[in-house]
Amino acid sequence: MPLGAARFGLGGVDLGQLEHIITSTASSSTIDFIDKFSDHNVHLVLLTTLVPTTQTEFGIKFSNDSGSSYETTNYKFANQRGFVNGTFEERKSTSQTSIRLGGDVETSDNLCGYFYIYNANDSNKYTFITQHSAFTGTSGAGGFGFEFGSGVYTQAETVNGLRIGQQTTASAFTSGTASLYGIKGS
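These lines cover the structure that appears in this document, whether it is placed above or below. (Residues numbered from 1 in each chain as written. Predicted model: local features only at pLDDT ≥ 70, side-chain atom pairs only at ≥ 80, totals over all residues. Heavy atoms only, no water.)

1. Comments concerning the nonpolar core
In this structure, Val45, Phe62, Phe115, Leu162 and Ile164 are the most contacted members of the largest nonpolar core, which totals 29 residues. The next biggest cluster of nonpolar side chains, apart from the first, holds 5 residues, and it includes Leu18, Leu44, Tyr181 and Ile183. (Core = buried A, V, L, I, M, F, W, Y, C linked by side-chain atoms within 4.5 Å. Buried < 20%, exposed > 50% of the residue type's maximum accessible area, 1.4 Å probe, protein only.)

Next up, the structure:
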């Protein structure tokens with residue numbers, strides 16, 4: 001069964017279908033999605049093998065001007081992460097320049113994962129995400145880690161751009177893909 005063909009729900013209730021919007025491949029720094037959010041209230045982004053140019057933490061930034069600029073304030077997130085060596089820790093902030101996805105990924109390794117975006121096209125609501133990622137090459141932590149949590153952009157406005165990149169500067173990865181889906185009926 002192709003991705004998006006399955007129906008989800010309890011008792012036969014149709015909760016929506018995935019509709020592929022776009023897949024982008026990174027070649028030098030970031031992946032941006034511009035003007036792709038207006039037809040759905042909920043979106044899913046799948047991240048495949050993002051490879052950084054330097055040891056880094058990955059994050060996302062939103063734009064309200066179709067990618068001419070990306071917001072650097074009004075982000076909050078709370079994540080839990082764990083490592084193969086048994087170490088667990090919380091990552092959280094109320095004052096970062098992006099929403100954190102996961103990190104301490106080394107230059108020869110990668111991050112994979114997914115996140116949902118809620119309310120991006122609603123000018124009366126904050127834009128929220130929930131996310132989960134797994135990554136190899138974690139600095140000092142034994143080679144493998146995972147991170148999950150949620151974040152919010154605390155500005156009620158229409159979001160029409162998304163940048164995926166290094167958490168603090170939204171740059172610094174050499175390869176990987178990101179696929180954007182809308183959830184029909186949401």
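Text resumes after the structure shown.
2. Some thoughts on the packing of aromatic side chains
Following the criterion strictly, the structure yields 7 aromatic pairs and no others. Ring plane angle 5° and centroid distance 6.1 Å describe the contact between Phe146 and Phe148, whose orientation is recorded as stacked. Following the ring pairs from residue to residue traces out a cluster consisting of Phe62, Tyr75 and Tyr153. (Phe/Tyr/Trp six-rings, centres within 6.5 Å; stacked < 30°, edge-to-face > 60°.)

3. A closer look at the sheet that holds strand β7 (residues 99-105)
By definition, the strands of a sheet pair up through backbone hydrogen bonds, in either a parallel or an antiparallel sense. The strand order β2-β11-β4-β7 describes an open sheet built from 4 strands, whose pairing is antiparallel. With one partner strand each, in any of the chains shown, β2 (31-34) and β7 form the two edges of the open sheet. Shown here is a sheet whose adjacent strand axes are inclined to one another by a mean of 15°, direction ignored. The pairing of β2 with strand β11 (residues 161-166) spans 4 bridges and is classified as antiparallel. Following the sheet pairing, Phe33 is matched in β11 by Leu162. (Pairing = 2+ DSSP bridges. Helix = DSSP H or I, 4+ residues; strand = E, 2+ residues; numbered from the N terminus. Axes fitted to C-alpha atoms, helices over the stretch in contact; angles between N-to-C directions.)

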